[in-house]
Amino acid sequence: MTVSAITVLTVTHNSSSILEGFLSSVERSSTSDVDVVIVDSGSTEAEAVATERIASSHDAVFRRMERNAGYGAGINAAARLASDAELLLICNPDVELGEGSLDILADRLRSDRTIGAVGPRILNLDGTVYPSARRLPSTRLGIGHAIFANVWTDNPWSRRYRNADALGTGGTDVGWLSGACLLMRAEDFVSLGGFDEGFFMYFEDVDLGRRIGLHGLRNVYVPDAVVRHIGGHSTEDVSAVMLQAHHRSAYRYFAIRHPEWYLAPARLVVRAGLGVRSAWASMRSRRTDSRRSG
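Residues numbered from 1 in each chain as written. Predicted model: local features only at pLDDT ≥ 70, side-chain atom pairs only at ≥ 80, totals over all residues. Heavy atoms only, no water.

Peer 1: Is there a simple way to explain the overall build of the protein chain in this structure?
Peer 2: What the protein chain contains, in helices and strands, is ten helices and twelve strands. Taking all 294 residues of the protein chain together, the buried fraction comes to 51%. Looking at the protein chain alone, contacts between residues at least 24 apart form 79% of all its contacts between residues at least 6 apart. When the accessible area of the protein chain is evaluated, it comes to approximately 13,500 Å², of which 52% is carbon and sulfur surface. (Helix = DSSP H or I, 4+ residues; strand = E, 2+ residues; numbered from the N terminus. Buried < 20%, exposed > 50% of the residue type's maximum accessible area, 1.4 Å probe, protein only. Contact = heavy atoms within 4.5 Å. Areas by Shrake-Rupley, 256 points an atom, 1.4 Å probe, with all protein chains shown as cover.)

And the structure:
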């Protein structure tokens, strides 16, 4: 691997079927040479072999982790292999970068040293905009979103948290950017300690955005850079497990953000709300799986 100014970091888990599309899109996303580091996290033997073969065909660095340590741990491991990079694009392998999108992000990040991270407009497969640039969940937002998100989808707390008004045509500062695709300076990622590996999956990006703000830097949404998110590939066969991981991470984030003794009742409400939400979502998932199998 040559040493380029920008290195793309991604974590795979039984993801070989989508990796070719991702790597091809990386090559179209910038007019400059871009390095890629792939960390495979706990894939089956056959999947790991296939992933390594695809990585080699695109001159990407490949490393294998024998167990699935989670998304944040995988990205941190990839970052350690990119010590000479100026910028790090943290990206899911089920994302396809739009033509020139990485150059747009890099130009915006380099234009202002007060910016700690930039994120693109992320499109779902149907062309709708994924809410990838959100507010940090306050106590009130956290409780409202935790309790009502899956039973009252258009509730005011979730609407505010998802920050839909920020997803227009103009760039704006936000609380955090989705870890599905965001660009940072390598020195900032390292100085912040990377992702908190206590989050196995989900909310590691919320926590990173929070710490970027505490570091005196900004999270900036850049909608002129467009990527497409295929979504959920590595978790589609373990949806119930991932739902539980999501709710555990949500509570862990809330507890870290609000550790004060006098907020213990709020933490209990959030934990209870997330428990009910998790049980309801798991039941709905089982019903869906049952209908599919029938």
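On we go.
Peer 1: What should I look at first to understand the nonpolar core in this one?
Peer 2: Considering soluble globular proteins, one finds that nonpolar side chains tend to be buried as a cluster. Core analysis: the largest hydrophobic core is formed by 31 residues, its most contacted members being Val8, Ile38, Leu89, Cys91, Leu97, Val118 and Leu183. When neighbours within four sequence positions are excluded, Leu97 is seen to be in contact with Ser25, Val26, Ser29, Leu89, Cys91, Cys181, Val226 and Val227. (Core = buried A, V, L, I, M, F, W, Y, C linked by side-chain atoms within 4.5 Å.)

Peer 1: What is the right way to read the packing of helix α1 (residues 16–28) against helix α2 (residues 45–57) from this model?
Peer 2: Look at α1 against α2: their axes get within 9 Å of each other, and the N-to-C directions meet at 15°. Taken together, the axes of α1 and α2 are roughly parallel relative to one another. Remark: the crossing between α1 and α2 carries right-handed chirality. Residues Ser16, Leu19, Glu20 and Leu23 of α1 form the contact with α2, whose participating residues are Glu47, Ala50, Thr51, Ile54, Ala55 and Ser57. Classifying every residue of the contact of α1 with α2 gives five nonpolar, three polar and two charged. (Axes fitted to C-alpha atoms, helices over the stretch in contact; angles between N-to-C directions. Parallel < 35°, antiparallel > 145°, perpendicular 65-115°, else oblique. Left-handed = near helix turned anticlockwise from the far one by under 90°. Nonpolar A, V, L, I, M, F, W, Y, C, P; charged D, E, K, R; others polar.)

Peer 1: Explain α1 here, please?
Peer 2: Each α-helix winds once per 3.6 residues, and so residues spaced three or four apart point in a common direction. Buried within α1 are the following residues: Ser16, Ile18, Leu19, Phe22, Leu23, Ser25 and Val26. Down the axis, α1 shows its buried residues gathered within 160° of arc, on one side only. Where α1 is buried, its residues meet β1 (6–12), β2 (34–41), α2, β4 (87–91) and β5 (95–97). (Arc of directions from axis to C-beta.)

Peer 1: Help me understand the packing of aromatic side chains, please; the structure alone is not making it clear to me.
Peer 2: Taken as a whole, this structure holds two aromatic pairs when the rule is applied. An angle of 45° between the planes, with centres 6.2 Å apart, marks the rings of Tyr71 and Phe195 as tilted. Of this pair, Tyr71 sits in helix α3 (residues 71–80) while Phe195 sits in the loop between α7 (186–191) and α8 (204–214), and the two are 124 residues apart along the sequence. Judged by its relative accessible area of 10%, Tyr71 falls in the buried class. When the ring of Phe189 is compared with that of Phe195, the centres are 5.8 Å apart and the planes differ by 80°; the resulting orientation is edge-to-face. Note on accessibility: Phe189 and Phe195 belong to one class, buried. Here the aromatic residues Tyr71, Phe189 and Phe195 are joined through ring pairs into a cluster of three or more. When the ring centre of Phe199 is taken as reference, the NZ or CZ atom of Arg252 above it lies at 4.6 Å. (Phe/Tyr/Trp six-rings, centres within 6.5 Å; stacked < 30°, edge-to-face > 60°. Lys NZ or Arg CZ within 6 Å of the ring centre and 35° of its normal.)

Peer 1: Help me out: how do you make sense of the environment of Phe199 in this one?
Peer 2: Looking at the element boundaries, Phe199 is found in the loop between α7 and α8. Assessed through its relative accessible area of 0%, Phe199 is described here as buried. For the pair formed by Phe199 and Ser249, sequence separation is 50 residues and the distance between their alpha carbons is 5.8 Å.

Peer 1: Would you mind showing me how to read the pairing of strand β3 (residues 61–65) here?
Peer 2: On any regular strand, side chains alternate: one points to one face of the sheet, the next to the other face. Pairing of β2 with β3, which is carried by five bridges, proceeds in the parallel orientation. Residue pairing for β3: Ile38 is matched across the bridge by Phe62. (Pairing = 2+ DSSP bridges.)

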